[in-house]
Structures are given as structure tokens and as C-alpha cells.
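In case you want the letters, here they are:
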Amino acid sequence: MIKKFLNLGYQPLANSYLREKQINKKEKKFKLEIVFNDKNFLVSINKKIPTKEMFNSDYPYRSSLSKTMVKSFKNISSTIKKKFNPKFIIEIGSNDGAFLFNFNKKNIIGIEPCKNVATITKQKKYKTIDKYWTKNLARSLTKNNNCDLIYSANTLSHIENLKETFGAINLALSKNGVLILEGPALLPCIKNNIYDQFYCEHIYVFSTIALNEILKNFNLEIFDLNILNTHGGSTRYFIKKKYNKKYKIKKKVQKEISKEKKFGLHKFETYLSFSKRVNKSKEELINILKKLRKDNKKIIGYGATAKSCTVLNYCKINDKYIRYFLDTTPDKINKYLPGSKIKIKKYRKLSKKDADVVFLGAWNFKKEILKKEKKFKKAGGKFLIHVPKVKLI
Ligand code: TYD
């Protein structure tokens, strides 16, 4: 049974940044509710938006803009070469090539349906297919299951049709092939009140127990995993075909399943108490912003993320509270955050002249950003963060 546990209100499409001329037009909004499936433990959003409305030639996200992500992709690439030595790799969701570029052009194909982003890797002569990952595409790219490694980071949670996705993976993957999936993990998300991990593009936030159940339907199984710090806590899963005996299932997998069950990720009550904490977090964020405004503090935002879209619209925060956001992404600059209509300006180093308090929309890069903005903190500037708890740092 599918059970609702969190209502995040009416939300616009998170990555639909508005141009100046669009700000007075009515935006398309949808009710964002989060649900739990008590059969396979999958947590998802209830309303699925047509993919073409989200992943098109206006897609702004660029993985290469974060040092943290570039480093993470470099590390996994060198592990892949050492451990698996693949001759034919497919990356599902190759974005601007932060993973792809670690490999020889001859050995790898990127799948990236957002044409504007796909062009970046094509220009560097990396074979990139600007289509959605489907069984037909898998058939046309591979001959008799000859792909020995499929990698996909922060993409699977964006694809609604898991049957088509895993069906296509099964068609492409060789007998001893390995599938590596990584993405935001449900356990840290629920533990640390990371409700902004939910937005139109994040249809699913996976737990190990849920992924394990889903993979059973496709004769696939997890044989290893890594816990990562990226995106507020991610998991990287190493998956194989069930009959492939080349890799033994590591104890870590069962350990993670036990940890998730101990926390209660298989029980609906856990999600109900998460929902209560999220409501409280909203009240606290609004109260702190009201107080800062009353004290005439200049507040700006840092990192106009898709995640901030959820927070701003759920808490009904607009430019009365946060004057503008700074961001490094060229496609976001001089546009406005959807719903809240807060302007995004080109990033420049933080200065006390511009702000007293900075709301960290990209809190998942807190370490990287705080290092970069040491001077601002030294001068008495503060960061406002809402996870795991609302506080000024
Ligand atoms: P991210 O958290 O990856 O994504 P999502 O949109 O999926 O929630 O986005 C990070 C955003 O923060 C991106 O727009 C770039 C911006 N950013 C900066 O402006 N400066 C920085 O130093 C970093 C690390 C990110």
C-alpha cells in the first residue's frame, strides 16, 4: 500500500529558473507530497511530472562546477580502472562530462538527454547520445550484452520508469558486467531532516532495503557499497547479475540493511515522525528569518539549488527575507528562482558589505564553501543553514 507522510505544498518545477520577462506570468505548480510504499519500502514523490518538461535544452545543472563532485568522480574512476578494468563503459546521465573525461574516449559512451549539456561532451569528441536511456537505445548501442560497466550517479532517482531502466541495463550489461549506481541516500535524509532532497526531479530517494527489493525483479543484486559524503549523504552501490559468481556479496551490504531496519526505514511510523520534524524545521526557519529581518540584517542566499526551491516554496520565503542568491552556474545567472522569484546574481566572493547572513542553499557543499569564504566568516559574517537543524554558523 502507498501511504502519504509529508505535504510540501504547491511547488513549481525546481530547475525552471525564470527569465525577467517571465516573472509576472503564472507558473505551473504541483502539489508535492511524499509517499511510502510498504511493500517494497520505496519512498517517492506522488506526482510525476512529464520528463520532457524537466530535462530539456534549458537544463542548468553542471556537475563540473563543484570541486567536490569532480574529485569524487576522479576517485571512483580510478577505482573502476583498478578493480574492473572495463573495455566498454556506458554512463547514464553524463551531464557535462565530470565522470566521462576520466576515461579514454574509445572506451566510454555518455547518455545525456539534455541537449545543451550533451553538446559540451560532444565538443570534446566523447561519444554522447542525447536521448533517454531505454531498452531500444541499449539494443542499438550494445551487441549481445557486451557492456562491462554501467555507471550512473545522481540520475536514477530522476527516472520514473524503473522497469524500462533496469530492463535496458540488463540488455546492455555483459555476463560478468558491473552496474554502479550512486545517489542521495534515504537514511541520512530522514535522520537529518533533509526534506529538500524531495522535488519534482527527485522522484525517488533510495534506501538499500528498497533498492534490494526492486533489483530482485530484474535478477540483479547488490554485492558491495560505499557510503559517501556527497549531496548530504549518498550511497554508491555495486550491482551484478544474480548468476554472476565472480563477485562475492560483501558483509557490508547486510550490515547496511540491518542499520536501515534498526532506524526503522521499513516502518511507516518513522516517516510520520520525520514529517513532524520537518514541520518544526519550517517554523524555526521562518522565525529566525523574521528575527534577522527585524534586526535589519542583510540576508542573501548562496547556491540557487533545486533543493532551495523546495525550502523557499514550502516555507513561503521570498525576496523580503532573502534579497538575492549568488550562484556560479552561467545558465542561472540573472534569472529568478521559481516560485519565490528571488533573483540570482553572478557569484562574487562574499563580503560583509553585501551581507550579514548568508542562507546556504547549497548546504551539501558546506565544507567547500566555508573554506572559500573564510574571510567573510572572519569579518563576522554568518551562514544560515537548515539541516540537520536550523541554525546560524
Ligand atoms: P547542487 O546542490 O548540486 O544541486 P541541486 O540543484 O541538485 O540541489 O547545486 C549546487 C549549486 O550551488 C549550483 O547551482 C552551483 C552552486 N554553487 C556555487 O554557487 N558555489 C559553490 O562554491 C558551489 C560548490 C556550488
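This is a predicted model, so every value here is computed, not measured.

Remarks on the overall build of the protein
Across its full length, the protein holds twelve helices and 17 strands. A globule of 393 residues ought to have a C-alpha radius of gyration of about 21 Å, and the protein, at 21 Å, matches this closely. Across its three principal directions, the C-alpha atoms of the protein cover 65 × 50 × 40 Å. In the protein, which comprises 393 residues, the proportion classed as buried is 57%. When contacts within the protein are restricted to residue pairs at least 6 apart in sequence, those whose partners lie at least 24 apart make up 67%. Working note: accessible area of the protein is about 18500 Å², and carbon and sulfur atoms make up 51% of it.

Comments concerning the sheet that holds strand β15 (residues 357–360)
Ordered by their spatial adjacency, six strands build an open sheet running β14-β13-β12-β15-β16-β17, and the pairing between neighbours is mixed. The sheet is open, and its two edges are formed by β14 (343–346) and β17 (391–392), each paired on a single side. Relative to β15, strand β12 (residues 299–302) runs parallel, the two being bridged by four bridges. Residue pairing for β15: Gly301 is matched across the bridge by Phe359. Along the sheet, helix α9 (residues 268–294) makes contact with β12, β15, β16 (382–385) and β17, crossing β16 at roughly 150 degrees.

Quick look at the domain arrangement of the protein
By a widely used convention, the size of an interface equals the accessible area lost when the partners come together. Splitting the protein by domain gives domain 1 (6–32 + 296–392) and domain 2 (42–265). Placing the centre of domain 1 and that of domain 2 at their C-alpha centroids yields a distance of 27 Å. The partner domain 2 presents 28 residues to the 29 residues of domain 1 that form the contact. For the pair domain 1 and domain 2, the summed buried area comes to about 2400 Å², and 61% of that belongs to carbon and sulfur atoms. Looking at the side of domain 1 facing domain 2, the largest losses of area belong to Leu13, Asn15 and Phe30, adding up to 19% of the total buried there. Taken together, the connections running from domain 1 to domain 2 amount to two salt bridges. Here domain 1 is connected to domain 2 by nine residue pairs in polar contact (both at pLDDT 80 or more). Listing elements by their share of the side of domain 1 that touches domain 2, those giving two or more residues are β1 (2–11), β2 (30–37) and α10 (306–314). Counting residues per element, the side of domain 1 that touches domain 2 draws most heavily on α10, which supplies five residues.

Some details on the site of the ligand
Lining the immediate environment of the ligand, one finds 18 residues, of which Ala306, Lys307, Asp327, Lys332 and Lys372 sit closest. Within the backbone of Ala306, an N or O atom sits 2.8 Å from an oxygen atom of the ligand. In this structure, an oxygen atom belonging to the ligand sits 2.8 Å away from a side-chain N or O atom of Asn364. Look at the ligand: alone it shows 570 Å² of surface, and the protein chains cover 95% of it. Elements with a minimum of two residues in the shell around the ligand: α10 and α11 (366–372). If one sorts the elements of the shell around the ligand by residue count, α11 sits on top with three residues. Classifying every residue of the shell around the ligand by side-chain character gives seven nonpolar, six polar and five charged. Both domain 1 (6–32 + 296–392) and domain 2 (42–265) contribute no fewer than three residues apiece to the shell around the ligand.

Remarks on the nonpolar core
Formed by 131 residues in total, the largest nonpolar core has its most connected members in Trp133, Ile150, Phe166 and Phe198. No other element matches α9, which puts seven residues into this core.

Considering a positive patch on the surface
On the surface, a cluster of positive charge is made up of Lys67, Lys71, Lys349, Lys367, Lys371, Lys372, Lys374, Lys375 and Lys378. Breaking the positive patch down by element, the ones donating at least two residues are α2 (67–84), α11 and α12 (374–378). Tracing the backbone through its elements, the reader meets Lys67 in helix α2.

A word on helix α3 (residues 115–123)
If you check which residues of α3 are buried, you get Asn116, Val117, Ala118 and Thr121. Residues of α3 that are buried sit in contact with β6 (128–129). Remark: Lys125 follows α3 within two positions and exhibits a positive phi of approximately 70 degrees.

Observations regarding the packing of helix α7 (residues 208–216) against helix α8 (residues 251–263)
Packing of α7 against α8 brings their axes to within 9 Å, and their N-to-C directions diverge by 120 degrees. Judged on the interaxial angle alone, α8 and α7 are oblique. Residues Thr208, Ile209 and Asn212 of α7 form the contact with α8, whose own contacting residues are Glu256, Ile257, Glu260 and Lys261. Considered class by class, the residues forming the contact of α7 with α8 number two nonpolar, two polar and three charged.

A closer look at the sheet that holds β6
Spatial ordering of the open sheet is given by β6-β5-β4-β7-β8-β11-β10, a layout of seven strands whose pairing is mixed. The strands lining the two open edges of the sheet, one partner per strand, are β6 and β10 (220–228). Along the sheet, helix α5 (residues 162–172) makes contact with β4 (89–92), β7 (147–153), β8 (173–184), β10 and β11 (234–241), crossing β8 at roughly 145 degrees.

Quick word on α8
Its 13 residues give α8 an end-to-end C-alpha distance of 19 Å, which sits within 8% of 18 Å, the value for a rise of 1.5 Å per residue. Buried within α8 are the following residues: Val253, Glu256, Ile257 and Glu260. Projected down its long axis, α8 carries its buried residues within an arc of 100 degrees, all on one side. Within α8, the exposed residues directed more than 90 degrees away from the buried face are Lys251, Lys255 and Lys262. Residues of α8 that are buried in the fold lie against α6 (186–191), α7 and β10. Phi turns positive one or two residues past the end of α8, at Gly264, with a value near 100 degrees.

Analysis parameters
- Residues numbered from 1 in each chain as written.
- Predicted model: local features only at pLDDT ≥ 70, side-chain atom pairs only at ≥ 80, totals over all residues.
- Heavy atoms only, no water.
- Helix = DSSP H or I, 4+ residues; strand = E, 2+ residues; numbered from the N terminus.
- Rg over C-alpha atoms; globule rule 2.2 N^0.38 Å.
- Buried < 20%, exposed > 50% of the residue type's maximum accessible area, 1.4 Å probe, protein only.
- Contact = heavy atoms within 4.5 Å.
- Areas by Shrake-Rupley, 256 points an atom, 1.4 Å probe, with all protein chains shown as cover.
- Pairing = 2+ DSSP bridges.
- Axes fitted to C-alpha atoms, helices over the stretch in contact; angles between N-to-C directions.
- Domains from an automatic or database assignment.
- Buried area = accessible area lost by both parts, 1.4 Å probe.
- Salt bridge = Lys/Arg side-chain N within 4 Å of Asp/Glu carboxyl O.
- Polar contact = N/O pair within 3.5 Å; in protein donor to acceptor, adjacent residues only side chain to side chain.
- Near = heavy atom within 4 Å.
- Nonpolar A, V, L, I, M, F, W, Y, C, P; charged D, E, K, R; others polar.
- Core = buried A, V, L, I, M, F, W, Y, C linked by side-chain atoms within 4.5 Å.
- Patch = residues over 30% accessible without salt bridge, like charges linked within 9 Å, V, L, I, M, F, W, Y side chains within 5 Å.
- Lys, Arg positive; Asp, Glu negative; His and termini not counted.
- Charge placed at Lys NZ, Arg CZ, Asp CG, Glu CD.
- Parallel < 35°, antiparallel > 145°, perpendicular 65-115°, else oblique.
- Expected span 1.5 Å × (residues − 1).
- Arc of directions from axis to C-beta.

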